[in-house]
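# Chain and residue survey
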Amino acid sequence: MAVPISGFSKKTKQQKIDWLTSTYLANDPTASLTLQKYWNSDAQLQKLHDDFIENTISNYYLPLGVAPNFLINGELLTIPMVIEESSVVAAASNAAKFWLERGGFKAEVISTQKNGQVHFNFFGKEGDITSFFTEIKPTLIESLATLQKSMQKRGGGLLDITLINSSEALEGYYQLHCTFETLDAMGANFINSCLEQLAKTFEAEAHKYTPFITANQFPEIALSILSNYVPECLVRAHVSCPVADLATNNIDGATFAKKFVRAVNIAKTEPRRAVTHNKGIMNGVDAVILATGNDFRAVEAGVHAYAAKEGRYTSLTDARIENDIFTFSIELPLALGTVGGLTTLHPLVKFAFSLLQKPNAQQLMKIVAVAGLAQNFAALRSLVTTGIQKGHMKMHLMNILNQLEATTSEKEKAVIYFTTNPISHSSVVSFIDTLRA
């Protein structure tokens, strides 16, 4: 039975691996060998990776793919995508090619505000805390002078502070709601540093405020933290074309458009469908977020909150037909950075930004939104025509063949055979077994 270990983080990488293999893996020599196979042969580059997080024992590889032919606001881009799901990059590429011939994608940034809160408890008179905040607000702002100096030089910084009384929802609960502009930085460290300084100043000044002293009721800081819900940091993207231009070999444009709009409206109406619908969008969004070294968990949390902003979870995309023009659009809250964090450290992130022609944060917002819209278009196009599994299983075929350790010759024969035959795990196993018999 395993026992707790102390000082684990202070051990060397090899010592950590030795402890893991002896404690949990029965000293299996292949376990250590597998980890070492994924170390970079460049010791200095490996050290860089080791320092990204604590207790690093190896590198975990995901494929870095590219989707070409994305025409965005008149600029042709190839988008880097990091993801393990087999059909995502192919779907994005197909959608990009489809819209390349129909005017491409249009995208615009609506707003770029980020926010954070100092959450605090106060059980005294509302009038006292309101008067105190009005009096102390200039002092709060002034307390950030040193922290904001560099950010303000670039045109960013704190935008405003407001007092919010949330005591009806939770007794004694108030917050200082703070808005920020962080330009090309995602801004998490900057915002959190500002919020913690505001909290210190707020609490210190409160203990000098006569009405609080008289009533012996002082505000108490609960926590200070940025919010990953950023509905004021918003980007919109869309595609449009005459309905007739949507025609393919198998379906006329009008029928396709009608089916497509209906599919989106189902996702708007039914939360169970909306979750899967939006997951498909995030296939594209997260893949670009990962490739550019941004925080996909923060983006995921904020995006799904935005999908439920009206009190009911619904589709992030919209489709409509007006005057024989088909329009498909998306609106997403995206707090992204092109400086700071891994953006200037990870060599492949640097490569991704170079490939994207070194976008600023607003340009990256547009690219990510377009990737999400393209992914959703590809999925819905499949759903209302051939069905989702045909394309997905075609890409999944290679994964199954690799699991079976198929040879090059076996793979070639399998690809030909399954071009016209249904793909399933059992059917691929049976086919390979027949070849080997």
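To be clear, the structure that these remarks concern was listed above.
Residues numbered from 1 in each chain as written. Predicted model: local features only at pLDDT ≥ 70, side-chain atom pairs only at ≥ 80, totals over all residues. Heavy atoms only, no water.

## Looking at the pairing of strand β10 (residues 325–333)
By the criterion of burial, β10 is predominantly enclosed, with 7 of the 9 residues buried. Note: strand β8 (residues 233–242) against β10, 9 bridges, orientation antiparallel. Following the sheet pairing, Val239 is matched in β10 by Phe328. As defined by bridge partners, strand β9 (residues 317–322) adjoins β10 across 6 bridges and the pair is classed as antiparallel. Along β10, the bridge assignment pairs Asp318 with Ser329. Linking two consecutive strands that pair antiparallel, namely β9 and β10, is a turn of 2 residues; a positive phi of about 55° is found at Asn323 within it. (Buried < 20%, exposed > 50% of the residue type's maximum accessible area, 1.4 Å probe, protein only. Helix = DSSP H or I, 4+ residues; strand = E, 2+ residues; numbered from the N terminus. Pairing = 2+ DSSP bridges.)

## Topic: the side chain of Gln175
Relative to the assigned elements, Gln175 resides in strand β6 (residues 173–181). Of the polar contacts made by the side chain of Gln175, one reaches the side chain of Tyr173; its length is 3.3 Å. With near-sequence residues (within four places) excluded, Gln175 lies in contact with Gln117, Val118, His119, Phe120, Thr162, Leu163, Ile164 and Ser166. (Polar contact = N/O pair within 3.5 Å; in protein donor to acceptor, adjacent residues only side chain to side chain. Contact = heavy atoms within 4.5 Å.)

## Quick word on the pattern of salt bridges
On inspection of all chains with the given rule, the structure shows 13 salt bridges. Among the ionic pairs, Asp318 bridges to Lys268, the shortest N-O distance being 2.1 Å. Taken as a pair, Asp318 in strand β9 and Lys268 in helix α9 (residues 253–269) lie far apart in primary sequence, 50 residues in all. When its relative accessible area of 23% is taken as the criterion, Asp318 is described as partly exposed. By relative accessible area, Lys268 is classed as partly exposed at 31%. When the shortest N-O distance is used, the salt bridge between Arg320 and Glu322 registers 3.6 Å. The exposure class assigned to Arg320 is partly exposed, which follows from its relative accessible area of 34%. (Salt bridge = Lys/Arg side-chain N within 4 Å of Asp/Glu carboxyl O.)

## A word on the nonpolar core
By size, the foremost hydrophobic cluster in this structure holds 70 residues, and its most contacted members are Phe70, Phe326 and Phe328. Take this core: its biggest share by element is 12 residues, from helix α13 (residues 361–383). If we skip the residues at most four places from it in the chain, Phe328 touches Ala237, His238, Val239, Phe260, Val264, Thr317, Asp318, Ala319, Leu373, Asn376, Phe377 and Leu380. Counting 28 residues, the second largest nonpolar core, distinct from the first, contains Tyr174, Phe180, Leu195 and Phe202. (Core = buried A, V, L, I, M, F, W, Y, C linked by side-chain atoms within 4.5 Å.)

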